[in-house]
Amino acid sequence: MVIRAFPVLFLFALLLACNEPPAATVPPSTSPVDSVALAMRSVEQRMVSDPGDAALYVERAKLYMRIDSLRLAVKDMQRAVALDSNDAEKRILLGNLYYTTVQVDKATTQFDRALVLQPENTEALLRLAEIKLVLRDHKGSIDLVNKALRKDPNLAKGYYLKGWVYMELGDTATAISSYRTATEQDPQDYQSFLQLGLLSAGKDDPLALQYLNTAIELRPFSVEAHYAKAMFAQEHGKDSLALETYARIMAIDSNNALAPYNSGYVRMEHLNDPGRAKADFSKAIALNTNYYPAWYNRGVAMERTGQLDSAAANYQIALRIEPGFTEAAVALDRLAKQGVRIKMPRTTK
């Protein structure tokens, strides 16, 4: 038995990812850090003259955000809100920072207060909808999204969130419809194209490749989009495309062990090339020495090329890493019945 290539698991912080700001444009002659340092000095000089100007703290908070100093950005936004507590936009920015730093209760408070000041503020409504979605309050999330869309029916993020809610509720058709609407409103909506690709792949719909290719065009170095494309190709008889895409992943992320592992699986199970598969599994092991399925599958490749002693050694290593790994135990038993001497590991008391 061969351990299959791993499918895509994308329930990670996708909601956070969809809120990443675009990268700031910096003149070629100035590094991002130098640019921020220059701007920071300018802001702080003005703070000396006018320490009560809330806008200066907002400006410095945004600079801290550009260099990922979120703790300092939060402190500046707290000061800005203290100086100007009736500004909904400042509360939303502080709420965004709390949300990004996983302080959900504090984020909720700021978005709620922003809505007291501006009851139809669509950014605050969608942020609260997002939080309710994370907390699995699907009805509450949809209600807030619909309120935002009544105010502005062109909000791509609103349709994205609706798609995510319906996806979690198992209503794939409505989820796909919502994601499509999101991409119609914003043709640069990478996350919606990615989800369309994943959902379409789950339905064996050839449109999956079209959606995933669009996602890759939007983010050429996205490992998740390339991986989804490679898995779809692998599972739909497009072995050359799968191997080409796994190679692209390795070029993007040389530490990614999944790509060589899956390449090995394609070569061994689809192309009947255990020799080259063994080399791929070896690459995966070099990147992650505890990757027990790679040890096991390298053992399978060795067994198929007649290297029975080496195969047994690989199965044993897989079992040492994961003692409950039944497939490796079965493989060792199979080799023992063929007369291969199995060296049992020593146990220590």
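Residues numbered from 1 in each chain as written. Predicted model: local features only at pLDDT ≥ 70, side-chain atom pairs only at ≥ 80, totals over all residues. Heavy atoms only, no water.

1. What about the overall build of the chain?
What counts here: Helix and strand definitions here come from DSSP, where helices need a minimum of 4 consecutive H or I residues and strands a minimum of 2 consecutive E residues; each element is numbered from the N-terminal end. Three labels apply to residues, based on accessible area from a 1.4 Å probe with only protein chains included: buried if under 20% of the type maximum, exposed if over 50%, partly exposed otherwise in between. We get accessible surface area from the Shrake-Rupley algorithm with a probe of 1.4 Å; when it comes to residues, only the shown protein chains can shield them.
Counting its secondary structure elements, the chain contains 19 helices and zero strands. Each of the 349 residues in the chain was classed as buried or not, and the buried ones make up 45%. Carbon and sulfur atoms form 52% of the exposed surface of the chain, whose accessible area is close to 18000 Å².

2. Structural notes on helix α13 (residues 223-235)
In an α-helix there are 3.6 residues to a turn, and that puts residues three or four apart on one side. Note the cut-off: Here the expected span of a helix is defined as 1.5 Å times the quantity of residues minus one. Contacts: residue pairs with any heavy atoms within 4.5 Å of one another.
In this model α13 runs 18 Å from its N-terminal to its C-terminal C-alpha over 13 residues, within 8% of the 18 Å that 1.5 Å per residue would give. For α13, the buried fraction is high: eleven of the 13 residues fall into the buried class. Regarding α13, the residues found buried are Glu-224, Ala-225, His-226, Tyr-227, Ala-228, Lys-229, Ala-230, Met-231, Phe-232, Ala-233 and Gln-234. At its buried positions, α13 is contacted by α11 (190-202), α12 (207-218), α14 (239-252) and α15 (258-270). Once α13 ends, the next one or two residues include Gly-237, with phi positive near 70°.

3. Side note on the packing of aromatic side chains
As a reminder of what qualifies: Two rings belonging to Phe, Tyr or Trp (six-membered ring only in the last case) form a pair when the distance between their centres is within 6.5 Å. Interplanar angles under 30 degrees mark stacking, angles over 60 mark edge-to-face geometry, and anything in between is tilted.
For the structure shown, the criterion picks out eight aromatic pairs. Plain terms: the ring middles of Tyr-227 and Tyr-246 are 6.1 Å apart, the flat faces sit at 55° to each other, and that makes the pair tilted. With Tyr-227 in helix α13 and Tyr-246 in helix α14, this residue pair connects regions lying 19 residues apart in the sequence. Tyr-246 shares its class with Tyr-227; the two are buried. For the pair Tyr-261 and Phe-281, a centre-to-centre distance of 5.6 Å together with 55° between the ring planes defines the contact as tilted. Here Tyr-261 is found in helix α15, whereas its partner Phe-281 is found in helix α16 (residues 274-287), with 20 residues between them in sequence.

4. Quick look at the pattern of salt bridges
For clarity, the threshold we go by: Any carboxyl oxygen of Asp or Glu within 4 Å of a side-chain nitrogen of Lys or Arg constitutes a salt bridge here.
Here the structure, examined in full by the defined rule, presents 15 salt bridges. With a closest N to O distance of 3.3 Å, Asp-333 and Lys-337 form a salt bridge. With Asp-333 and Lys-337 both in helix α19 (residues 326-337) and four residues apart, this pair spans about one turn of that helix. According to the relative accessible area criterion, Asp-333 is partly exposed, its value standing at 41%.

5. Some details on the nonpolar core
Basically, it comes down to this: Here the nonpolar core consists of buried residues drawn from Ala, Val, Leu, Ile, Met, Phe, Trp, Tyr and Cys, with membership extended through side-chain atoms lying within 4.5 Å.
Membership of the largest hydrophobic core comes to 61 residues, with the highest contact counts inside it found for Met-77, Leu-161 and Tyr-179. Setting aside anything within four residues of it in sequence, one finds Met-77 in contact with Val-58, Ala-61, Lys-90, Leu-93, Leu-94 and Leu-97. Trp-295, Ala-318, Phe-325 and Leu-335 belong to the second-largest nonpolar core, a separate cluster that totals 26 residues.

6. Brief notes about the environment of Gln-110
Along the chain, Gln-110 falls in helix α6 (residues 104-117). Taking relative accessible area as the criterion, Gln-110 reaches 7% and is therefore assigned buried. Separated by 22 residues in sequence, Gln-110 and Ala-88 have C-alpha atoms that sit 8.7 Å apart. Not counting the four nearest positions on each side in its chain, Gln-110 is found in contact with Val-81, Arg-91, Leu-94, Gly-95 and Tyr-98.

7. Comments concerning unusual backbone geometry
Positive phi outside glycine occurs at Arg-136, with the angle close to 65°. Tracing the sequence through the fold places Arg-136 in the loop between α7 (122-134) and α8 (138-151). Phi at Asp-204 takes a positive value of approximately 55°, unusual for a residue other than glycine. Relative to the assigned elements, Asp-204 resides in the loop between α11 and α12.

8. Considering the confidence of the model for the chain
This is how it is decided: pLDDT is defined as a per-residue confidence score from the predictor, taking values between 0 and 100.
For the chain, the mean per-residue pLDDT works out to 91, and 89% of the residues sit at or above 70. Every residue in residues 8-18 scores below 50 in pLDDT, and together they form 27 contacts with partners more than four places removed in sequence or on other chains. Note on residues 20-29: pLDDT under 50 across the span, and six contacts to partners over four residues away in sequence or across chains.

9. What about the environment of Thr-183?
Residue placement: Thr-183 occurs in helix α10 (residues 172-185). Looking at Thr-183, the relative accessible area reads 11%, which means it is buried. Setting aside anything within four residues of it in sequence, one finds Thr-183 in contact with Asp-189, Ser-192, Phe-193 and Leu-196.

10. Describing the side chain of Asp-189
Test applied: Note on charges: Lys and Arg go in the positive column, Asp and Glu in the negative column, and His and the chain ends are not counted at all.
The topology assignment puts Asp-189 in the loop between α10 and α11. No salt bridge is formed by the buried Asp-189, whose closest oppositely charged neighbour, Arg-219, lies at an N-O distance of 7.3 Å. Among all residues touching Asp-189, those that are not within four sequence positions of it are Ala-156, Tyr-160, Ala-182, Thr-183 and Leu-218.

11. A look at α8
Taking 1.5 Å per residue as the helical rise, α8 with its 14 residues ought to reach 20 Å, and the 20 Å between its terminal C-alpha atoms agrees with that figure. Here α8 has its buried residues at His-138, Gly-140, Ser-141, Ile-142, Leu-144, Val-145, Ala-148 and Leu-149.

12. What about the packing of α15 against α16?
The condition that has to hold: Angular values range over 0 to 180 degrees, each being the angle between N-to-C directions of two axes fitted as lines to C-alpha atoms, with helices fitted over their stretch in contact. The labels follow the angle: roughly parallel below 35 degrees, roughly antiparallel above 145, roughly perpendicular from 65 to 115, and oblique for the rest. Definitions for this section: a left-handed crossing has its near helix turned counterclockwise from the far helix by less than a right angle. A right-handed crossing has that turn clockwise. We call Asp, Glu, Lys and Arg charged. Ala, Val, Leu, Ile, Met, Phe, Trp, Tyr, Cys and Pro are nonpolar, and the rest, Gly among them, are polar.
At a minimum axis separation of 8 Å, α15 and α16 run at an interaxial angle of 165°. In terms of orientation, α15 and α16 fall into the roughly antiparallel class. For the pair α15 and α16, the sense of crossing is left-handed. Of α16, the residues touching α15 (which contributes Pro-260, Tyr-261, Ser-263, Gly-264, Tyr-265, Arg-267 and Met-268) are Pro-274, Arg-276, Ala-277, Asp-280, Phe-281, Lys-283, Ala-284 and Leu-287. Class assignment of the residues belonging to the contact of α15 with α16 gives a composition of nine nonpolar, two polar and four charged.

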